[in-house]
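# Observations on chain architecture
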Amino acid sequence: MEGIINFIKDRRLIPVAEKIFSGERLDFEDGLKLFKSNDLISLGYIADYVNRKKNGDNVYFNVNVHITPTNICVGTCKFCAFRKDKGDEGAYELSIEKILEKLASLNLEEVTEVHIVGGLHPDWGYDYYLEMIKRVKETYPQIQIKAFTAEEIKYIAERGGKSVKDTLKEFKEAGLSSMPGGGGEIFNTVIRDKLCPEKISAGEYLDIHKVAHKLGIKTNATMLFGHVEIYKDRVEHILMLRETQDETGGFQAFIPLSFHPVNTQVEGAEYTTAVDEIKTLAVSRLLLDNFDHIKAYWIMLGEKVAQLSLFYGVDDLDGTVVEEEITQAAGAKAGKYMPKERLIRLIKEAGKIPVERDALYNIIKIY
Ligand code: V47
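Below you will find a few notes about this structure. Keep in mind that this is a model prediction, so the values were computed, not measured.

## What about the site of the ligand?
With respect to spatial proximity, 24 residues lie near the ligand, and among them Phe-79, Lys-146, Gly-181, Glu-185 and Lys-295 are the closest. Contacts to the ligand include Gly-181, whose backbone N or O atom sits 2.7 Å from an oxygen atom. For the ligand, an oxygen atom lies 2.9 Å from a polar atom in the backbone of Gly-183. At the level of secondary structure, the elements contributing two or more residues to the shell around the ligand comprise strand S6 (218-225), strand S7 (251-258) and strand S8 (293-297). Looking at the shell around the ligand, its residues break down into eleven nonpolar, nine polar and four charged.

## Focus: the pairing of strand S3 (residues 113-116)
Neither face of S3 is left uncovered, since the one carrying Glu-113 and His-115 and the one carrying Val-114 and Ile-116 both have all their residues buried. Pairing between strand S2 (residues 64-67) and S3: four bridges, direction parallel. Bridge pairing in S3 links Asn-64 to Glu-113. The handedness of the S2 to S3 crossover, carried by helix H5 (residues 96-105), is right-handed.

## A few points about the pairing of strand S5 (residues 176-179)
Inspection of the sheet shows strand S4 (residues 144-147) paired to S5 by two bridges, in the parallel sense. Bridge pairing in S5 links Lys-146 to Ser-178. In this sheet, S6 lies alongside S5 in parallel orientation, the contact comprising two bridges. Along S6, the bridge assignment pairs Ser-178 with Lys-218.

## Some details on the side chain of Glu-277
With respect to the element layout, Glu-277 can be found in helix H12 (residues 274-287). One buried charged side chain, Glu-277, makes no salt bridge at all; its nearest oppositely charged neighbour is Lys-333, positioned 9.2 Å away. Side chain to side chain, Glu-277 and Ser-258 meet in a polar contact 2.9 Å long. Polar contacts involving the side chain of Glu-277 include one to the side chain of Thr-272, which spans 2.8 Å. Contacts of Glu-277, omitting those with residues within four sequence positions, involve Phe-225, Ser-258, Thr-272, Met-300, Leu-301 and Val-305.

Criteria and thresholds
- Residues numbered from 1 in each chain as written.
- Predicted model: local features only at pLDDT ≥ 70, side-chain atom pairs only at ≥ 80, totals over all residues.
- Heavy atoms only, no water.
- Near = heavy atom within 4 Å.
- Polar contact = N/O pair within 3.5 Å; in protein donor to acceptor, adjacent residues only side chain to side chain.
- Helix = DSSP H or I, 4+ residues; strand = E, 2+ residues; numbered from the N terminus.
- Nonpolar A, V, L, I, M, F, W, Y, C, P; charged D, E, K, R; others polar.
- Buried < 20%, exposed > 50% of the residue type's maximum accessible area, 1.4 Å probe, protein only.
- Pairing = 2+ DSSP bridges.
- Right-handed = clockwise from strand over helix to strand, strands pointing away.
- Lys, Arg positive; Asp, Glu negative; His and termini not counted.
- Salt bridge = Lys/Arg side-chain N within 4 Å of Asp/Glu carboxyl O.
- Contact = heavy atoms within 4.5 Å.

If you want it as structure tokens, here you go:
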């Protein structure tokens, strides 16, 4: 790797690169140095090196659909443009029959994952949420259900007067395969208290994921970036995830989520830029040495940045999606449906191997 080191333009990155090439774990200061660098080419080279060691040329993608049962939410997160109060114009709540009708109206032939998350509905109880999972699984036993963020699990458990552990056990029996990473936002307490004071704390988010992992439920992790946080908050967030992963090994993928500012209450915030997005994905790859997958969510990144990120440490593209509400409400520009053939083309034109996976990263087909 000596030769490569000579090509690194930002000389401050050299000690970090040396650590990586010798297999040493990065620390907080290394993370900050990486974020502060604008030498994207070098960052990309190093992140690609690490990704190739883990995933070779494989880029995973999945054929999935999202279902968002309601936008009515008791939460008041300032970054959320999706939530409504009951009775607001545009507020909606889907009965279980309607959810099943919605699913039946989609072409589910090749779908292997349904991603279900939504608002914290003031009137829905434990049994409603449980019934939702049961009925979807009964109707589509071949589809894996990735559902409910840690925030929702806590809410559902409380409504049922149950522990998170018993709740997750029961939902697993009902058909829950895995949990999405939503609700991670940013772990820094001061910012979290400003943006979403009512939300579970970082500690609770991590604890709920740990409980899931111990029950054999794999989960993802996210970080919402590009609002009011600064680099040190991102590094802190990512390293807290790394520490949790050391303990349980239950995270499958990390998904940095680009903040979308439209209709939100985050004053002065703007759309993220391509450089910041690519950098965040690359640095995540480098800091999270114990995560197998870094996922590009094209709905938020846009198709073009998502494709380019495949050269910067990303090995996973989510997904066909079809229906999406949360980003659309906040000014998404990329649409919400990507045909499988398009995902395959994006991956192939990057010189990589498209690997179709299910929600648990079992390989379905290599293209
Ligand atoms: O939890 C809310 C975030 C998340 C905004 O785990 C916003 O496989 C940007 O978590 N701008 C939902 N983001 C999306 C999510 C996700 C997506 C794809 C795959 C997976 C997975 C998880 O979106 C929310 C919140 O963190 N969010 N508002 C906004 N204005």
